[in-house]
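These are the residues of each chain, in order.
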Amino acid sequence: MFVRELDNGDVMRVLGYFSTVPQDINSAQSISLDDVARELLTLIDNWSSRGSGFVVERIMRFTTCITKFRPLHGSSFIPTPKHIANKMCTVNVKKNNDNKCFLWSVLACLHPATHHVDNIYHYRPYEHTLNLDGLSFPLAVKDIPKFERQNPTVSINVLSLDVGDFCIEYCSPERQRPHHVNLLLLSEEEKRHYVWIKNMSRLVDDRTHHDGKTFVCNGCLQPVSSKHVLDCHIPNCLRNPPQAVKYPNPEDETECTVKFRAHKNSSVSRFIWFATLNRFSPQWTATTTTATMMRTLAGTPA
Ligand SMILES: [Zn+2]
């Protein structure tokens with residue numbers, strides 16, 4: 001809780017919320033409470049040093065969350081889920097009980113077979129064509145950037161299955177390399193398994209009503225109808241981290257309507273800020289005065 005004294009002698013109190021960066025804890029490394037305290041103090045200093053004059057009055061709540069961290073990596077074979085297999089868009093290399101499903105899936109893309117594409121026989125001759133120095137299998141998703149650094153002609157994207165949708169586990173920053181490989185990380189209880197996504201358009205075909213091949217953005221998985229549209233979309237999409245677009249439920253007014261509801265997080269101010277609203281209301285031009293906008297918003301003719 002922060003507090004400050006106003007010019008008229010009143011006291012204003014507002015709540016501040018802060019969270020620290022998660023720490024990995026294992027048998028060799030314990031939690032550093034000093035780091036947590038240092039980070040919290042920095043956050044509070046930054047918040048209260050913005051000219052607000054607020055000072056900390058008291059701490060209302062301090063919560064520590066501890067959860068089991070299970071790093072993602074692909075290992076044992078998992079059959080492709082039926083709803084994905086029916087789309088005929090993935091190659092799931094079989095009989096790879098050596099934990100190298102990442103390698104076989106990448107090779108399936110780099111050296112596509114023409115028949116029995118899920119047979120590891122086709123890809124064994126290329127096993128040593130990639131630089132795998134220092135990489136251990138099953139390969140964790142966090143080690144894929146290292147794989148990319150050692151193999152400068154290949155870029156990788158990894159998706160996983162979410163509830164009825166997909167989640168982007170890794171989106172390569174390398175977009176101009178000769179070979180790009182899209183992988184799907186399947187999971188079944190404790191097991192993980194990489195398969196090659198041979199056809200992204202088919203994989204996400206239920207995201208569009210477009211009848212035919214689409215071009216899919218790796219940053220947000222949105223399918224578009226032409227390469228030109230995709231090329232226009234990508235520079236804007238890349239401004240944001242990878243994301244899965246999830247549309248609100250049109251049947252639920254609360255969910256599909258943008259409205260300020262967090263009134264408890266607002267505080268009294270002595271000024272009013274107006275955004276440029278002509279984007280939403282074409283009749284407002286750059287020369288429209290603030291008074292005109294206020295009259296219009298109030299429902300009186302301008
Ligand atoms: Zn996108």
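Residues numbered from 1 in each chain as written. Predicted model: local features only at pLDDT ≥ 70, side-chain atom pairs only at ≥ 80, totals over all residues.

Along the chain, the regular secondary structure elements total eight helices and 10 strands. The proportion of buried residues among the 302 residues of the chain is 18%. Within the chain, contacts between residues at least 6 apart in sequence are counted, and of these 50% link residues at least 24 apart. (Helix = DSSP H or I, 4+ residues; strand = E, 2+ residues; numbered from the N terminus. Buried ≥ 20, exposed ≤ 12 C-beta atoms within 10 Å, placed from the backbone. Contact = placed C-beta atoms within 7 Å.)

This part covers the pairing of strand β5 (residues 154–162). The pairing of β5 with strand β7 (residues 179–188) spans seven bridges and is parallel. Residue pairing in the sheet places N157 in a bridge with N182 of β7. Pairing analysis gives six bridges linking β5 to strand β6 (residues 165–171), with the strands arranged antiparallel. Paired with V158 across the two strands is Y170, which belongs to β6. Linking β5 to β6, which pair antiparallel, is a turn of two residues; within it G164 sits at a positive phi near 65 degrees. (Pairing = 2+ DSSP bridges.)

This next bit is on the environment of N119. Along the chain, N119 turns up in the loop between α3 (101–110) and α4 (144–150). Taking the number of C-beta atoms within 10 Å as the measure of exposure, N119 has 14 and is therefore partly exposed. On a C-alpha basis, the gap between N119 and V91 in space is 9.5 Å, while along the polypeptide they are 28 residues apart.

Cis geometry marks the peptide bond from F137 to P138, where omega comes out at 5 degrees. For P138, the location among the structural elements is in the loop between α3 and α4. With phi around 65 degrees, N99 is a residue other than glycine that occupies positive phi space. Take N99: it is sitting in the loop between β4 (90–91) and α3.

Note that all results are geometric; they support no functional claim without further evidence.
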